[in-house]
Amino acid sequence: PVLRPDFAALGAGAGESFRIVHLVYAPGSDSPAQVSVAGSFNGWRAGEIPMRREGENWRAVLILPPGSYEYMFIEDGDRWVTDPGASHTREDGFGGRNAVLDVDA
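Peer 1: Kindly report on the pattern of salt bridges, identifying the contributing residues and their values.
Peer 2: If you walk through the whole model with that rule in mind, you get five salt bridges. Residue glutamate 70 is joined to arginine 90 by a salt bridge in which the shortest nitrogen-to-oxygen separation is 3.2 Å. Note that glutamate 70 is positioned in strand 6 (residues 67-75) and arginine 90 in strand 8 (residues 89-91), a separation of 20 residues in sequence. Linking glutamate 75 and arginine 79 is a salt bridge whose minimum nitrogen-to-oxygen distance equals 2.5 Å. A relative accessible area of 49% places arginine 79 in the partly exposed class. Overlapping salt bridges bring together Arg52, Glu54 and Arg59 as one network.

Following this line, the structure appears as C-alpha cells:
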C-alpha cells in the first residue's frame, strides 16, 4: 500500500519535492495478524494505511513532503506500538511516546 496524503493539508506547496519513505516493522515472535500505521501524516486514522506482510516483517510505503512526522504502528486494530526502530521519539501527551520520522528535503 502506498499513502498519497492530502499534500495541501500537510503544507506542501506547488513544485515542492516529495520523498518515498519505507516503514518496516518487525514485531518479533508474537506476530500480529494485521498491522497498520497511523500518524500526523494521515490525521492519526487507524486502519487507513495497512502494512503488507513480508516474511516476519511488515512494510508500508509513504509519499511525503519534507517535514517531521509522528507515527505509531497498530497491531490487530487496537494495540498501538511505538516503532522500536525509530531513531527518536516524542511524548504523545497521554503518557506514551510517538516515533518521529524526519523526511529531508
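Peer 1: So, the side chain of asparagine 98: which residues are in play, and what are the values?
Peer 2: Mapped onto the secondary structure, asparagine 98 falls in strand 9 (residues 97-103). At a separation of 2.8 Å, a polar atom in the side chain of asparagine 98 contacts the side chain of glutamate 70. Beyond its immediate chain neighbours, meaning those up to four positions away, asparagine 98 contacts Trp44, Glu70, Tyr71, Met72, Thr82, His88, Thr89, Arg90 and Asp92.

Peer 1: Before we move on, could you go through the pairing of strand 5 (residues 57-64) and cite the residues and values that matter?
Peer 2: When you tally the buried positions in strand 5, you get six out of eight residues, the bulk of the element. Bridge analysis of strand 2 (residues 19-25) against strand 5 gives seven bridges, and the strand direction is antiparallel. Its bridge partner being in strand 5, valine 21 is matched across the sheet by leucine 62.

Peer 1: Could you give me a rundown of the confidence of the model for the protein, with the residues and numbers involved?
Peer 2: Confidence in the prediction for the protein averages 86 pLDDT; 85% of positions are at 70 or higher. Within the protein, the lowest mean pLDDT, 48, falls on strand 1 (residues 2-3), and the highest, 97, falls on strand 8.

What counts as what
Within every chain, residues take consecutive numbers counted from 1 along the sequence as written. Per-residue local features are limited, in this predicted model, to residues with pLDDT of at least 70; the limit for side-chain atom pairs, both in listing and counting, is 80 or more; totals at the level of whole chains, interfaces and linings are taken over all residues. Hydrogens and water molecules were not included; the side-chain quantities draw on all heavy atoms of the structure. Note on definitions: salt bridges are taken to be side-chain nitrogens of Lys or Arg within 4 Å of carboxyl oxygens of Asp or Glu. Segments assigned H or I by DSSP are reported as helices when at least four residues long, segments assigned E as strands when at least two residues long, and all are numbered from the N terminus. Here the term buried applies to any residue with accessible area under 20% of the maximum for its type, exposed to any over 50%, and partly exposed to those in between, with areas from a 1.4 Å probe on protein chains only. In protein, a polar contact requires one atom able to donate a hydrogen and another able to accept it; more generally it is a pair of N or O atoms within 3.5 Å, and residues adjacent in sequence count only if both atoms are side-chain atoms. Every residue pair with non-hydrogen atoms within 4.5 Å of one another is taken to be in contact. For two strands to pair, DSSP has to find at least two bridges joining them. How sure the predictor is of each residue is captured by pLDDT, a score from 0 to 100.

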